[in-house]
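Chains, contacts and geometry: an overview
Residues per chain are reported as follows:
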Amino acid sequence: MPRVGLFITCVNDALYPETPKAVVRILERLGYDVDFPAAQTCCGQMHANSGYREDAAALARSFEQVFADYDAIVTPSGSCAAMTRDQYPHLTGTDIGRRVYELSEFLLDVAGTEDVGARFPHTVTYHPTCHGTRALGLGDKPLRLLRAVEGITLVDLPAADQCCGFGGTFALKNTEVSSAMLADKCRHAAGTGAEYLAAADNSCLTHIGGGIARLDHQPGPRGPRPIHYAEILASRA
Amino acid sequence: MSTDAAANGPAVVPAASLIPADAPFPKAAKVALGMPQLRSNLAHATGTIRAKRANVVGELDDWERLRDAAAAIKADVQRRLPELAVEFERNATAAGARVHWARDAREANEIAARIVREAGAEEVVKVKSMATQEIELNEHFEAEGLKAFETDLAELIVQLAEDKPSHILVPAIHYNRDEIRDIFVQKLSRQKMGGDGVATGLTNDPAALAEAARLHLRRRFLSATAAVSGANFAVAETGSLVVVESEGNGRMCLTMPETLVSIVGIEKLLPSFGDLEVFMQLLPRSSTGERMNPYTSVWTGAREGDGPRNVHIVLLDNGRTDVLADEVGRQALSCIRCSACLNVCPVYERTGGHAYGHVYPGPIGAILAPQLEPGRHDDLPYASSLCGACYEVCPVKIDIPEVLVHLRQQGPHPAGERAAMGAARAVMARPRLWRTALRAARFGSAPWRRKGFMRRLPWPVSKTALSKWTASRDLPVPPQEHFRDWWKERER
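**A few points about the overall build of chain A**
- Across its full length, chain A holds 12 helices and 8 strands.
- Over its C-alpha trace chain A gives a radius of gyration of 17 Å, about what one expects of a compact globule, namely 18 Å for 237 residues.
- Seen through its principal axes, chain A has C-alpha atoms that stretch 50 × 40 × 25 Å.
- Residues classed as buried in chain A amount to 63% of the 237 residues present.

**Notes on the nonpolar core**
- With 221 residues, the main nonpolar core has B:I157 and B:I263 as its most contacted residues.
- For this core, the leading source of residues is helix α10 (residues 175-191) of chain A, giving 7 residues.
- Aside from chain neighbours lying at most four places away, what touches B:I263 is B:A108, B:A112, B:S129, B:A131, B:T132, B:I135, B:L137, B:V228, B:G230, B:V314 and B:L316.

**Section: the interface of chain A and chain B**
- The interface of chain A with chain B comprises 51 residues on the first partner and 49 residues on the second.
- Breaking the side of chain A that touches chain B down by element, the ones donating at least two residues are α1 (10-14), α2 (18-29), α3 (45-50), α4 (53-66), α7 (130-135), α9 (170-173), α10 and α11 (202-216) of chain A.
- With 7 residues, α10(A) is the single largest residue contributor to the side of chain A that touches chain B.
- Partitioned by chemical class, the residues of the side of chain A that touches chain B number 26 nonpolar, 17 polar and 8 charged.

**A short note on unusual backbone geometry**
All names here are of chain B.
- Cis geometry is found at the peptide bond from W459 to P460, where omega equals 5°.
- Residue position: P460 is located in the loop between β11 (453-454) and β12 (475-476).
- Residues other than glycine seldom take positive phi values, yet E136 does so here, at roughly 55°.
- Assignment of secondary structure puts E136 in the loop between α8 (130-134) and α9 (137-143).

**Here's the deal with the domain arrangement of chain B**
- The domain architecture assigned to chain B consists of domain 1 (2-16 + 35-316) and domain 2 (435-491).
- Each of domain 1 of chain B and domain 2 of chain B has a C-alpha centre, and the two are 54 Å apart.

**Comments concerning helix α5 (residues 78-91) of chain A**
Residue and element names in this part refer to chain A.
- Relative to the 20 Å expected for 14 residues at 1.5 Å per residue, α5 spans 19 Å between its end C-alpha atoms, a close match to the ideal helical length.
- For α5, the tally of buried residues reaches 11 of 14 residues, placing the bulk of the element in the interior.
- What α5 keeps buried is the set G78, S79, C80, A81, A82, M83, T84, R85, Q87, Y88 and L91.
- Just downstream of α5 lies G93, where phi reads positive at about 75°.

**So, the domain arrangement of chain A**
All names here are of chain A.
- We note that the domain assignment places domain 1 (4-110) and domain 2 (123-234) within chain A.
- Computed over C-alpha atoms only, the centres of domain 1 and domain 2 are separated by 21 Å.
- Facing the 26 residues of domain 1 at the interface are 22 residues of domain 2.
- The set of elements that each furnish at least two residues to the side of domain 1 that touches domain 2 consists of α1, α2, α3, α5 and α6 (103-110).
- Broken down by class, the residue content of the side of domain 1 that touches domain 2 amounts to 13 nonpolar, 8 polar and 5 charged.

**Describing the sheet that holds strand β5 (residues 123-126) of chain A**
Residue and element names in this part refer to chain A.
- Strand order in the open sheet made by the 4 strands is β6-β5-β7-β8, with parallel pairing throughout. The open sheet has two edge strands, β6 (153-155) and β8 (225-228), and neither has a second partner. On average, each strand axis in the sheet is inclined to that of its neighbour by 35°, with strand direction left out of account.
- Across 3 bridges, β5 lies against strand β7 (residues 196-199) in parallel orientation. Among the inter-strand pairings, V124 is bridged to a residue of β7, identified as Y196.
- Together, β7 and β8 form the strand contacts of α11, whose direction differs from that of β8 by roughly 175°.

**Some details on the sheet that holds strand β9 (residues 295-300) of chain B**
All names here are of chain B.
- Pairing in this open sheet of 4 strands is mixed, and the strands run β8-β5-β6-β9 from one edge to the other. Each of the sheet's edge strands pairs with one partner strand only, and the pair in question is β8 (269-270) and β9.
- Pairing between strand β5 (residues 233-235) and β8: 2 bridges, direction parallel. Pairing of A234 across the sheet is with L269, part of β8.

**Topic: the packing of α4(A) against helix α22 (residues 415-428) of chain B**
- Put simply, α4(A) and α22(B) touch, their axes get as near as 10 Å, and they point 10° apart. On the basis of the axis angle, α4(A) is roughly parallel to α22(B). On the side of α4(A), the interface is formed by A:D55, A:A58 and A:L59, while α22(B) contributes B:M421, B:G422, B:R425 and B:M428.
- When its residues are assigned to classes, the contact of α4(A) with α22(B) shows 4 nonpolar, 1 polar and 2 charged.

**Comments concerning the pairing of strand β2 (residues 123-126) of chain B**
Residues and elements named next belong to chain B.
- Pairing analysis gives 4 bridges linking β2 to strand β3 (residues 147-150), with the strands arranged parallel. When the sheet's bridge partners are listed, V124 is paired in β3 with A148.
- Two strands pair when backbone bridges link them, and β2 and strand β4 (residues 226-229) are joined in this way by 2 bridges, in the parallel orientation. Directly across from K126, in β4, lies its bridge partner V228.

**Digging into the environment of B:D378**
- Along the polypeptide, B:D378 turns up in the loop between α19 (362-372) and α20 (389-393).
- With near-sequence residues (within four places) excluded, B:D378 lies in contact with B:P370, B:G411 and B:P412.

**Quick word on the environment of B:V328**
Residues and elements named next belong to chain B.
- Counting through the fold element by element, V328 comes out in the loop between α16 (320-324) and α17 (340-344).
- Looking at V328, the number of C-beta atoms within 10 Å reads 16, which means it is partly exposed.
- Ignoring any residue separated from it by four or fewer positions in sequence, one finds V328 in contact with E402, V403 and H406.

What counts, and at which threshold
Residues numbered from 1 in each chain as written. Chains lettered and ligands numbered in written order. Predicted model: local features only at pLDDT ≥ 70, side-chain atom pairs only at ≥ 80, totals over all residues. Helix = DSSP H or I, 4+ residues; strand = E, 2+ residues; numbered from the N terminus. Rg over C-alpha atoms; globule rule 2.2 N^0.38 Å. Buried ≥ 20, exposed ≤ 12 C-beta atoms within 10 Å, placed from the backbone. Core = buried A, V, L, I, M, F, W, Y, C linked by C-beta atoms within 7 Å. Contact = placed C-beta atoms within 7 Å. Nonpolar A, V, L, I, M, F, W, Y, C, P; charged D, E, K, R; others polar. Domains from an automatic or database assignment. Expected span 1.5 Å × (residues − 1). Pairing = 2+ DSSP bridges. Axes fitted to C-alpha atoms, helices over the stretch in contact; angles between N-to-C directions. Parallel < 35°, antiparallel > 145°, perpendicular 65-115°, else oblique.

Quick look at the structure:
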């Protein structure tokens, strides 16, 4: 059995405990022994993508130290996984990213399973997040896992491949453009009538969820509830 | 006059006059976002081209290999640009062309104006060309008392509207056909143009609009003795130039006048004629979403009795060799100006081209403009959410997100932001401090926990850039129990 280290990401560390808990439950259900190295913090993506190379490199080196001894590092974030794989080689010259797996990659490519024994009797629409889909090349991996969930009804999200407008500090530096992109994403999500909007990145879901919550204070249809797809896969409701 | 205005329809206000070109991108973008007609025109047009492109690209099962080949050819060109440029000069000269070298925009404009004047011409017809937009040739000619007439339909619309292009391939993308009709009626009316002018009864039917432009342009083609063009490709092996176009206006300009001046960026070089095979498959599909473009003109020097007798080629640097020196940034020089990245960009789709404040807008502009004019467009590398849609469609595989991040890492940073990022790193690099910060955020946000979200950030956070978040999004409140607490409890 490979030694599996869980990288929960700083966003989940601060805001979303249920997502990493779900990852632990799924992996343990499949018989893996999961470890959570408590010294972990952030992969450095915010710094790197905002132009702070030295700060990002320092955080990358910490990441490498914390996760040096694991055969596989599993994370519920497409964009953090892409960060370690695409940018670490340029920042620190390391290839640790080859051992980092976004959850769906680990489940399909390492564990070799599509059906993780979940049950989730709800309507769900899926947003393929940009870094997961394009930078990491996840393709439809998370969707394949979701399709195998018992009781789930998946509905297509119109213009699914369009960015939600988050983009890290882009949301702050170009708030108006970001908000215009978000408004379209929220409109499409609400139009599906789904109960949940699933994605592979809680940072994007914070953005979309924040937009939908804001819409909720206004008249009109309520949007779907944002949920990380790992929580659906862990569910046995 | 008011009666004229009534007969000619509402005056079309040039978009470039409303969107401040010198303002930082976020500010200019905000103005563009507030123009509903512009936004609906852009969304409609980019959506249409996007779908067309996806269709014709999907037909080729070797698309990815074509992209790889194109990227490899361009990388090879960049490695031996000096020798290829000299080879091109030698072969073009041997075929009867005059080759000039221009270090910058000023030199290129002066050379072009001198050639036109020496040919005894006072006006030129123009083939659509980004290089001449980049060096502002039309403006220079006007200041010199020469007239440059655009003959590409969309460029003509922009020129008549006294506007600026907002897209590389479709410079009038921000206008719909009602607005184009109004521009034609106002600028090409019979009062102004004589009997050949358009009637006030002109409809917005595309065929009628094209016919009005055709009648107007025909006079220009027949009277012009000099033309100015750019080139899509310059073949070193043969000294040939290639122009790829759709309307036939290019063919007219390239064959009818006696004198032809072509302004060509040095990155347009290709080693051999055979290399065109790759690009002629990639370019039409990526730009107009067509399998093949209607007109491809290839000319090699000058030939008696066949096209222009005075053939001049101005090889333009204008910052390109400096871009070449940057190992990561130089891939921007592979661009073939297809505009596929603009059409898929969620930012461009919502702001249009004027907000970028540069002749090259969209994702490619965001990496090209700051490199061609260092220090002048430091805001552009941030005009992207790094979604990667541009890289996915780029026919020459320019990793635009990679270059955007690279340029962000070069550029200056605002002091406040630098301090905040430094503080964040200081906390995140120390696990104990990080845990303390998590706990502090949990306690600090306790008053909002029942609500579950914040509509506004509390003071003093509300005074920071973070407050921009709550402009359009609520913020979730940190949980009662963090994952690490749960894990610790569980391990016990």
